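So you can see what is in the structure, the chains are spelled out below.
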Amino acid sequence: MNILVVDDSVTMRKIVVLALGNKVSVIEAENGKAALEITSREQVDLMILDINMPELNGLDFLKEFGKTPKAGKVPIIMLSTHTEKEIQDQAMSLGARAFLTKPFQKPELQALVTGLTGQSL
Ligand SMILES: [Mg+2]
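Structure report, in brief. Because the structure is a prediction, the values reported are computed rather than measured. (Residues numbered from 1 in each chain as written. Predicted model: local features only at pLDDT ≥ 70, side-chain atom pairs only at ≥ 80, totals over all residues.)

Attention now moves to the overall build of the protein chain. When helices and strands are counted, the protein chain shows five helices and five strands. Ordered by position from the N terminus, the helices and strands of the protein chain form the series β-α-β-α-β-α-β-α-β-α. Against the 2.2 N^0.38 benchmark of 14 Å for 121 residues, the protein chain shows a C-alpha radius of gyration of 13 Å, consistent with a compact globule. Oriented by its inertia axes, the alpha-carbon framework of the protein chain measures out at about 30 × 30 × 25 Å. A buried classification covers 29% of the 121 residues belonging to the protein chain. Counted over contacts in the protein chain with a minimum sequence separation of 6, partners at least 24 positions apart contribute 55%. (Helix = DSSP H or I, 4+ residues; strand = E, 2+ residues; numbered from the N terminus. Rg over C-alpha atoms; globule rule 2.2 N^0.38 Å. Buried ≥ 20, exposed ≤ 12 C-beta atoms within 10 Å, placed from the backbone. Contact = placed C-beta atoms within 7 Å.)

Now the structure itself:
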């Protein structure tokens, strides 16, 4: 299973990659634009997506990804510092399946990944 981790913070990507463990393969992207390129050419089974990023932020990524043939076929977990309900609702209405706020608890992220993919970590 391939998981795409999209975050402009190298440190945050490292934390997420460590939380995912070594039963899955992880692809990293530093912003939504890079993530769009990767999803167009790679098999991605799940995405973990930040919101605040340069080039293309997480919400704009969701809008663009929603126009592609893979829309709706790849579960997306938002992982963001945004706690506002409007932003969370917007992400969910744009196709995200779950919203986790930073700092996150490792078991919480793992449970979401397992719940959305059926694969234990
Ligand atoms: Mg960020």
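Turning our attention to the nonpolar core. With 28 residues, the main nonpolar core has Leu4, Val6, Met47, Ile48, Leu49, Ile77 and Met78 as its most contacted residues. Those elements giving two or more residues to this core turn out to be β1 (2–6), α1 (10–20), β3 (46–49), α3 (58–65), β4 (76–80), β5 (98–101) and α5 (106–117). If we skip the residues at most four places from it in the chain, Leu4 touches Ile27, Ala29, Ala35, Ile38, Thr39, Val44 and Met47. (Core = buried A, V, L, I, M, F, W, Y, C linked by C-beta atoms within 7 Å.)

What follows concerns the sheet that holds β5. Strand order in this open sheet of five strands is β2-β1-β3-β4-β5, and the pairing throughout is parallel. Where the open sheet ends on each side, the last strands, each with one partner, are β2 (25–29) and β5. The average undirected angle you get between the axes of adjacent strands in this sheet is 20°. Sheet topology note: the β3/β4 ladder contains three bridges and is parallel. Directly across from Met47, in β4, lies its bridge partner Ile76. Helix-sheet contacts for helix α2 (residues 32–41) involve β1 and β2, and the interaxial angle to β1 is about 160°. (Pairing = 2+ DSSP bridges. Axes fitted to C-alpha atoms, helices over the stretch in contact; angles between N-to-C directions.)

With that settled, consider the pairing of β5. As judged from the four bridges shared by β4 and β5, these two strands associate in the parallel manner. In the strand pairing of β5, Met78 is matched with Phe99. Traced from β4 through helix α4 (residues 85–93) to β5, the parallel crossover comes out right-handed. (Right-handed = clockwise from strand over helix to strand, strands pointing away.)

On to unusual backbone geometry, then. What is expected of a backbone is that most residues other than glycine have negative phi and most peptide bonds are trans. Geometrically, the link from Lys102 to Pro103 is a cis peptide bond, its omega value of -5° lying close to zero. Residue placement: Pro103 occurs in the loop between β5 and α5. Phi at Glu55 takes a positive value of approximately 70°, unusual for a residue other than glycine.

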